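# Analysis of the macromolecular model
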Amino acid sequence: MWREKLRIRKSNQIQALHPSTKFLIVCLFSACSLILGSIKMNGYALLIIPWFLIVPLLCAASGIFMKFCKAFAKVLLVATMIFLTQSFLVRSDVVAWSGGVLKIYEKGLQTGIFISFTILNIAGIFTWMFQTTRNKEISRALEDSGMHHKAAYVFMSTLQMIQVMGQNSKTIMNAQRARGVETEGGIFVRAKAFFPSLVPLILGSIIGAEERALTLESKGFDVNGKKTHMFELEPSGYEKLAASIAVAATAAVLIGRILVWVL
Amino acid sequence: MGAIIELNNVTYSYPLANECAIKNVSLKLEEGRFYGVIGQNGSGKTTLCSLIRGFAPSFFRGSLTGEVLVCGKPTLDYKPGELSLKIGYVFQNPFSQISGVKDTVFEEVAFGLENFGVPVDEIEERVIRAVELTGISALAEKNPYELSGGQQQRMALASIIVLEPDIMVIDEPTSQLDPEGTESVFEIIKGMKDRKKTIILVEHKVDLIAEHADEVIVLDKGEVIRFGSKDAILSDETLLECGVQLPNIALLGNKLTRSGVPLERIPITEQQGVEIIGKALRTRSWCK
Ligand SMILES: Nc1ncnc2c1ncn2[C@@H]1O[C@H](COP(=O)(O)OP(=O)(O)OP(=O)(O)O)[C@@H](O)[C@H]1O
Ligand SMILES: [Mg+2]
């Protein structure tokens, strides 16, 4: 009955795709984004802008639109900052737009669009994969693909460690605040509080690492035999279809690119 | 019965340390017995455990002279993983014992059995038994990181018990437990002893050692200063100078003897105290 509880059931068929299929989609989508980004119209890589629409649509179809928005907000912020700094700071001869003292040069606008949308595309599709896949599905898929169990462990525990560190850093921040260290306010105040708070965080992780290694050994992690898995990956049955669509779309993009080049 | 664990003239020091953490220790531990290890902070209790489990020197490096035998074979001659099935080790810090790759307590406890390739049905059965035994069945679906310190300690114990090793080395399993939790952990350990496991337990709560252990090992500055029957050792007031606590009832017994009440012997548990002091009170031959 416990094995039943450990199973992951997903009613959404896109969400339920096997992690390796999702990874294929992620790779092909990123490749397409780069190919499309190399097609310039008057020097602007305009095609990667509508291409980005696929990400929110895919997330909506996977039933994780809200989760995606939450996870993606930070990426959006970074992409916007990059776009703005590129647009305003890179100067060239041709002015693309001017309003009062502010001037946007063509060169800056071009690189701004290219970099920020490439980031949005690639980070977006990865966000889709991680939001539709549980950590243990990923690590199981890695092991199935022939990765050594120790390497898969490192990957998996790093993912968990990021979460735990996030929680710990809150605890440590609170402790620092209790001692009178300013952790709220402007960016410099925060930065000053941030670096000291890293010290206990990192030290704690290192000290824990020694005992962690010994614990793993106590639980037979080093034994090189066949391991049992309580959790099995269950394909949704639509893997072939999804992979075919992804490959076909990539082929179309590639052919389009070649045509643009030849004509 | 032969010794299951044997230390012959063992001296060990950690790398870069000036002083030896363990000095000239010779011990013979017998199968199926429950050994309590006591001593003040830094006296070498954890190091002794690491030596028995083979972590020192295979993991910690450092220098070892003398030999440590488990089942007649030097710990250094064991293949990796082989000792994990023989000796279960529960560490002092429950937090760092979480594997970090499992989402639920149930899977965390099952982790060791998965590594040894035990069939799924058997894993399920054994894990259910272990979580029931340690009283964490209700937490089985929670995330290991969301447990309290005491609950994590029980989980750490469960994930070793589930492996059913012949020898269990347990380093302060109750440091974060309340009195009731401590009592129940000792019940679990006693259950392991009834199943013929050899137990080596480091514990500061001497009252519980007095009650449950068969024999006591006292460490001071890396040396074994006493080893043997708990009755003789835990009633010996000279140990107080080495920073070792004695059961309260033993302190009372010693005071009574000094003030002229002739006790048969010094009691070390409440039970004994009631009997021995009661008997002395009833005869009252000492009372003028
Ligand atoms: N990993 C290590 N590296 C170097 N020295 C160590 C290490 N662990 C312990 N020591 C030293 O070895 C000595 C014995 O330490 P040990 O941890 O065995 O004591 P303990 O009796 O378990 O103490 P406690 O009651 O605090 O757990 C101490 O002086 C300690 O500083
Ligand atoms: Mg210790």
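Structure first, text after, so check above.
Quick summary incoming for the structure in this document.

Cut-offs and rules
Residues numbered from 1 in each chain as written. Chains lettered and ligands numbered in written order. Predicted model: local features only at pLDDT ≥ 70, side-chain atom pairs only at ≥ 80, totals over all residues. Heavy atoms only, no water. Salt bridge = Lys/Arg side-chain N within 4 Å of Asp/Glu carboxyl O. Helix = DSSP H or I, 4+ residues; strand = E, 2+ residues; numbered from the N terminus. Buried < 20%, exposed > 50% of the residue type's maximum accessible area, 1.4 Å probe, protein only. Pairing = 2+ DSSP bridges. Contact = heavy atoms within 4.5 Å. Axes fitted to C-alpha atoms, helices over the stretch in contact; angles between N-to-C directions. Phe/Tyr/Trp six-rings, centres within 6.5 Å; stacked < 30°, edge-to-face > 60°. Lys NZ or Arg CZ within 6 Å of the ring centre and 35° of its normal. Near = heavy atom within 4 Å. Polar contact = N/O pair within 3.5 Å; in protein donor to acceptor, adjacent residues only side chain to side chain. Areas by Shrake-Rupley, 256 points an atom, 1.4 Å probe, with all protein chains shown as cover. Buried area = accessible area lost by both parts, 1.4 Å probe. Nonpolar A, V, L, I, M, F, W, Y, C, P; charged D, E, K, R; others polar.

## Notes on the pattern of salt bridges
With the rule as written, the count across this model stands at 21 salt bridges over all chains. Here K136(A) and E107(B) are joined by a salt bridge, their closest N and O atoms 3.1 Å apart. Residue K136(A) is found in helix α7 (residues 135-144), and its partner E107(B) is found in helix α4 (residues 105-115); the two belong to separate chains. Exposure remark for K136(A): the relative accessible area of 8% places this residue in the buried category. For E107(B), a relative accessible area of 5% translates into the label buried. K102(B) is the partner of E114(B) in a salt bridge, and the nearest nitrogen-oxygen pair spans 3.0 Å. Of this pair, E114(B) sits in helix α4 while K102(B) sits in the loop between β6 (87-90) and α4, and the two are twelve residues apart along the sequence. Here E114(B) matches K102(B) in class, with each residue buried.

## So, the sheet that holds strand β4 (residues 63-70) of chain B
Residues and elements named next belong to chain B. Read across the open sheet, the four strands follow the order β2-β1-β4-β5; overall the sheet is antiparallel. A strand with exactly one partner marks an edge of an open sheet, and here the two such strands are β2 (22-30) and β5 (73-74). Relative to strand β1 (residues 3-13), helix α1 (residues 45-53) is tilted by about 120°, and along the sheet it contacts β1, β2 and β4.

## What to know about the packing of aromatic side chains
Each aromatic ring pair is characterised by the separation of its centres together with the angle its planes make. On inspection of all chains with the given rule, the structure shows 14 aromatic pairs over all chains. Seen from their ring centres, Y14(B) and F60(B) are 5.6 Å apart, and the 85° between their planes marks the pair as edge-to-face. With Y14(B) in the loop between β1 and β2 and F60(B) in the loop between α2 (55-58) and β4, this pair connects stretches of sequence that are 46 residues apart. The class of F60(B) is buried, set by a relative accessible area of 16%. Counting every residue linked through ring pairs, the aromatic cluster contains F52(A), F68(A), F72(A) and F117(A). When the ring centre of F231(A) is taken as origin, the NZ or CZ atom of K136(A), which lies over that ring, is 4.9 Å away. Geometry around Y78(B) places K73(B) over its ring, the cationic atom sitting 4.6 Å from the centre.

## Brief notes about the site of ligand 1
Residues and elements named next belong to chain B. As a structural note, the neighbourhood of ligand 1 is formed by 14 residues, with N41, G42, K45, T46 and T47 the closest of them. Between ligand 1 and the protein, one listed contact pairs an oxygen atom with a backbone N or O atom of G42 at 2.8 Å. Relative to its unbound accessible area of 640 Å², ligand 1 is 62% covered by the protein chains.

## Considering the environment of G108(A)
All names here are of chain A. Here G108 is to be found in helix α6 (residues 106-132). Accessibility expressed as a relative area gives 0% for G108, which makes it buried. Each C-alpha atom of the pair G108 and V95 lies 9.5 Å from the other, and the pair is 13 residues apart in sequence. Other than its neighbours up to four places away in sequence, G108 contacts Q86, S87 and V90.

## Concerning the interface of chain B and chain A
Facing 43 residues of chain B, the contacting portion of chain A comprises 31 residues. On the chain B side of the interface with chain A, the three residues burying the most area are V101(B), E114(B) and N115(B), jointly 15% of the side's total. Residues E217(A) and R53(B) are paired through a salt bridge, measuring 4.0 Å at the closest nitrogen-oxygen approach. Applying the counting rule to chain B against chain A returns 14 residue pairs in polar contact (both at pLDDT 80 or more). Counting only elements with at least two residues in the side of chain B that touches chain A, the list comes to α4, α5 (120-133) and α6 (149-161) of chain B. Per-element accounting of the side of chain B that touches chain A gives the leading share, nine residues, to α4(B). Class assignment of the residues belonging to the side of chain B that touches chain A gives a composition of 22 nonpolar, twelve polar and nine charged.

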